[in-house]
Amino acid sequence: MTHLEPGMPAPDFTLHDQHGDRVSLASLRGQRVIVYFYPEALTSACKQQACDFRDALPDLGRHGYAVLGISRDSVEKLARASELDALPFPLLSDADLSVHRAWGTFGEKNSYGRIVEGVRRSTFVLDEDGVITHAFYNTRAKGHLEMLDKRLAFSA
């Protein structure tokens, strides 16, 4: 399984967002980007994580960060999640898991003591040139933004 690390260039992608528009990672060059992968929209943990990013977006924006959320959900499901939670950032659909696999966020994981195959909740921070500065695999939704704040000091 792929495992991305700081210093590596982030694999580029173009995916459809919750509005059906194509979003390319390359189009965000020149700004910092937080890319987070989550298992499933409209579930309690994923909703909490998305709303935490929504609430932190003013601080993130002041520090030059854009946010992209990626799941294997359909565009239609992402549109419902975005509307319900008033999410002002792109939620991207990777239904065929090609981007998940390129970023090492889909594969075997430990789920309550069982080894299963699925999405590994993960977050990556990219610099203005698309190089990974931080890679966090197997994160938890709860407390995730506090951890990022400590690592990136974006609310200072």
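Residues numbered from 1 in each chain as written. Predicted model: local features only at pLDDT ≥ 70, side-chain atom pairs only at ≥ 80, totals over all residues. Heavy atoms only, no water.

**Student:** Explanation requested: helix H4 (residues 144–152) in the structure shown.
**Tutor:** Since the α-helix advances by 3.6 residues per turn, residues separated by three or four positions end up pointing in the same direction. What H4 keeps buried is the set His 144, Leu 145, Leu 148 and Leu 152. Along the axis of H4, the buried positions cluster into a sector of 90 degrees, meaning they face one direction only. Buried residues in H4 make contact with strand E3 (32–37), helix H1 (44–62), strand E4 (65–71), strand E8 (122–126) and strand E9 (132–136). Positive backbone phi, approximately 55 degrees, marks Ala 153, located one or two places after H4. (Buried < 20%, exposed > 50% of the residue type's maximum accessible area, 1.4 Å probe, protein only. Helix = DSSP H or I, 4+ residues; strand = E, 2+ residues; numbered from the N terminus. Arc of directions from axis to C-beta. Contact = heavy atoms within 4.5 Å.)

**Student:** Explanation requested: the side chain of Arg 120 in the structure shown.
**Tutor:** Inspection of the secondary structure puts Arg 120 in the loop between strand E7 (114–119) and E8. Buried charge Arg 120 goes without a salt bridge, the closest partner of opposite sign being Glu 108 at 9.7 Å. Looking at Arg 120, its side chain comes within polar contact range of the main-chain oxygen of Gly 104, at 2.8 Å. (Lys, Arg positive; Asp, Glu negative; His and termini not counted. Salt bridge = Lys/Arg side-chain N within 4 Å of Asp/Glu carboxyl O. Polar contact = N/O pair within 3.5 Å; in protein donor to acceptor, adjacent residues only side chain to side chain.)

**Student:** Which parts of the structure should I look at to understand the pairing of E7?
**Tutor:** Two elements, strand E6 (residues 106–111) and E7, share 6 bridges in a ladder whose sense is antiparallel. Looking at the pairing, Gly 107 lines up with Gly 118 of E7. The loop that links E6 with its antiparallel partner E7 comprises 2 residues; one of these, Tyr 112, has a positive phi angle of about 55 degrees. (Pairing = 2+ DSSP bridges.)

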